[in-house]
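Residue-level structural notes
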Amino acid sequence: MRILLVADIHANWPALRAIEEPFDACLVLGDLVDYALEPTPCIDWVRRKATHAVRGNHDHGVAQQVRVQGKNGFKYLTGVTRQVTQERISSDDRRFLGALPVTKRVSLDGVKFLMVHATPRDPLDEYSIADVDFWSRRLADVDAHVICVGHTHHPYILEVGDKLVINPGSVGQPRDSDPRASYAIIENQRVELKRIEYAVEETVTSVLQSALPEPAKALLAEVFRTGSLAKPDSSRVKSEPPTTTIPNSAAS
Ligand SMILES: [Fe+2]
């Protein structure tokens, strides 16, 4: 079985449509919306293709019509792009986002997966670094072989005892200084983090042609083109090897 793992699409349709991997199951780890400005085709893709999906903090904020007022950085970008998101999505799509579960357990090919956008302790908001101690404290009571997360926009694979934590990175807004769309493939117990070039300038053009404030346009263009904002990101996690195998899973 070939499993496609995607997270943090953030309404970046050129990035999402660039992922043309064949798959038997597709797991979506939340944050379909905000930042880029094409939420509808992204939500439609998830509705058609996702075998299972969970809600991210941005999906929750859009569904609950939460207004964000940040003065700088990603909080600022959330506030200004959320207004556009709200104008562009249908009420049916908003309901879809709000109905997504915050955690989901699935069993595929004899492997038990836990899907959650952030962490099992705080499914929507906790920022999870690629650290064994951090994850050991959060997985002691978790009955799963593989924990699939998103939220940080930094891909990693981490062995934590007999469990594996996989963060496929962000499809639509990578923040690890590599602007290519990030995702993961699991096949035959082997996990591979993958990157693919996409039409970044198409995404940037849709931002520049929008009614967003000029500072927001500039920041978004920078993050889409470079995979980071100029301000040093001290929370950046270190890179892990791009492939590994699932330890001690029930599958043969
Ligand atoms: Fe996100």
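So, here is what we can say about the structure in this document. Remember, predicted model here, so these are calculated numbers, not experimental data. (Residues numbered from 1 in each chain as written. Predicted model: local features only at pLDDT ≥ 70, side-chain atom pairs only at ≥ 80, totals over all residues. Heavy atoms only, no water.)

What follows covers the overall build of the protein chain. The helix and strand inventory of the protein chain stands at eight helices and eleven strands. Rg of the C-alpha trace for the protein chain: 17 Å, near the compact-globule value of 18 Å for 252 residues, within the 12% margin. Projected onto its principal axes, the C-alpha coordinates of the protein chain cover approximately 55 × 40 × 30 Å. By the burial criterion, 58% of the 252 residues in the protein chain qualify as buried. Sequence-distant contacts in the protein chain: of pairs separated by 6 or more residues, those separated by 24 or more amount to 64%. On the protein chain, roughly 10,700 Å² of surface is accessible, and the fraction owed to carbon and sulfur atoms is 47%. Charge-centre separation for the protein chain: the mean point of 30 positive side chains lies 4 Å from the mean point of 33 negative side chains. (Helix = DSSP H or I, 4+ residues; strand = E, 2+ residues; numbered from the N terminus. Rg over C-alpha atoms; globule rule 2.2 N^0.38 Å. Buried < 20%, exposed > 50% of the residue type's maximum accessible area, 1.4 Å probe, protein only. Contact = heavy atoms within 4.5 Å. Areas by Shrake-Rupley, 256 points an atom, 1.4 Å probe, with all protein chains shown as cover. Lys, Arg positive; Asp, Glu negative; His and termini not counted. Charge placed at Lys NZ, Arg CZ, Asp CG, Glu CD.)

Our next topic: the coordination of the iron ion. Coordination of the iron ion by the protein involves Asp8 (OD), His10 (NE2), Asp31 (OD) and His153 (NE2), with metal-donor separations of 2.1 to 2.3 Å. Classification of the site at the iron ion as irregular follows from its four donor atoms and the range of 88 to 177° in their angles at the metal. Spacing between the donor residues of the iron ion along the chain follows D-x1-H-x20-D-x121-H. Here Asp31 lies in the loop between β2 (25–28) and α2 (39–49) and Asp8 lies in the loop between β1 (2–6) and α1 (13–17), a separation of 23 residues in the sequence. Residue classification places Asp8 among the buried residues on the basis of a relative accessible area of 0%. (Donors = N, O, S within 2.8 Å, 3.2 Å for Na, K, Ca; no water. Tetrahedral: all angles 85-135°; square planar, octahedral: opposite > 155°, others 65-115°.)

Judged by how many residues are buried, strand β5 (residues 111–116) sits mostly within the fold: five of six residues are covered. Where strand β4 (residues 103–108) lies against β5, six bridges are found, and the strand directions are antiparallel. In the sheet register, Leu108 faces β5, and the bridge partner there is Val111. Connecting β4 to the next strand, β5, in antiparallel fashion are two residues, including Asp109 with a positive phi near 55°. With three bridges connecting them, β5 and strand β6 (residues 146–148) associate as parallel partners. Bridge pairing in β6 places Leu114 opposite Ile147. Taken together, β5, helix α6 (residues 132–139) and β6 constitute a β-α-β crossover, and its handedness is right-handed. (Pairing = 2+ DSSP bridges. Right-handed = clockwise from strand over helix to strand, strands pointing away.)

On to empty space enclosed by the protein. Using the criterion set out here, one finds one cavity of 30 Å³ or more in the structure. One number sums up the size of the largest cavity: a volume of about 60 Å³. Together, Met1, Ile3, Leu108, Asp109, Val111, Phe113, Ile186, Glu187, Asn188, Gln189 and Ile246 line the largest cavity. Secondary-structure elements contributing two or more residues to the lining of the largest cavity are β5 and β9 (181–187). (1 Å grid on protein atoms, 1.4 Å probe; cavity = no way out; pocket = protein on both sides within 12 Å on 5 of 7 lines; lining within 4 Å. Points joined across faces, edges and corners; volume = space filled by probe spheres on them.)

The end-to-end C-alpha distance of helix α8 (residues 214–226) is 18 Å, a good match for the 18 Å that 13 residues give at a rise of 1.5 Å each. Inspection of α8 places Ala216, Lys217, Leu220, Ala221, Val223 and Phe224 among the buried residues, and these make up the whole buried set. The inward-facing, buried residues of α8 contact α4 (73–88) and α7 (200–208). Phi turns positive, to about 80°, at Gly227, one or two residues after α8. (Expected span 1.5 Å × (residues − 1).)

Within this structure, the stated rule accounts for two aromatic pairs. A centroid spacing of 6.0 Å and a plane angle of 75° characterise the contact between Tyr35 and Phe74, whose relative ring orientation is edge-to-face. Of this pair, Tyr35 sits in the loop between β2 and α2 while Phe74 sits in helix α4; the two residues are 39 residues apart in sequence, bridging distant segments of the chain. Judged by relative accessible area, which is 3%, Tyr35 ranks as buried. Overall, the relative accessible area of 21% leaves Phe74 in the partly exposed class. On the basis of an interplanar angle of 80° and a centroid distance of 5.6 Å, the ring pair of Phe134 and Trp135 is categorised as edge-to-face. For Trp135, a relative accessible area of 0% corresponds to the buried category. Over the aromatic face of Phe74 sits the side chain of Arg175, whose NZ or CZ is 3.6 Å from the ring centroid. (Phe/Tyr/Trp six-rings, centres within 6.5 Å; stacked < 30°, edge-to-face > 60°. Lys NZ or Arg CZ within 6 Å of the ring centre and 35° of its normal.)

Let us now look at the environment of Gly79. Take Gly79: it is sitting in helix α4. For Gly79, a relative accessible area of 8% corresponds to the buried category. With 45 residues separating them along the chain, Gly79 and Asp34 place their C-alpha atoms 8.8 Å apart.

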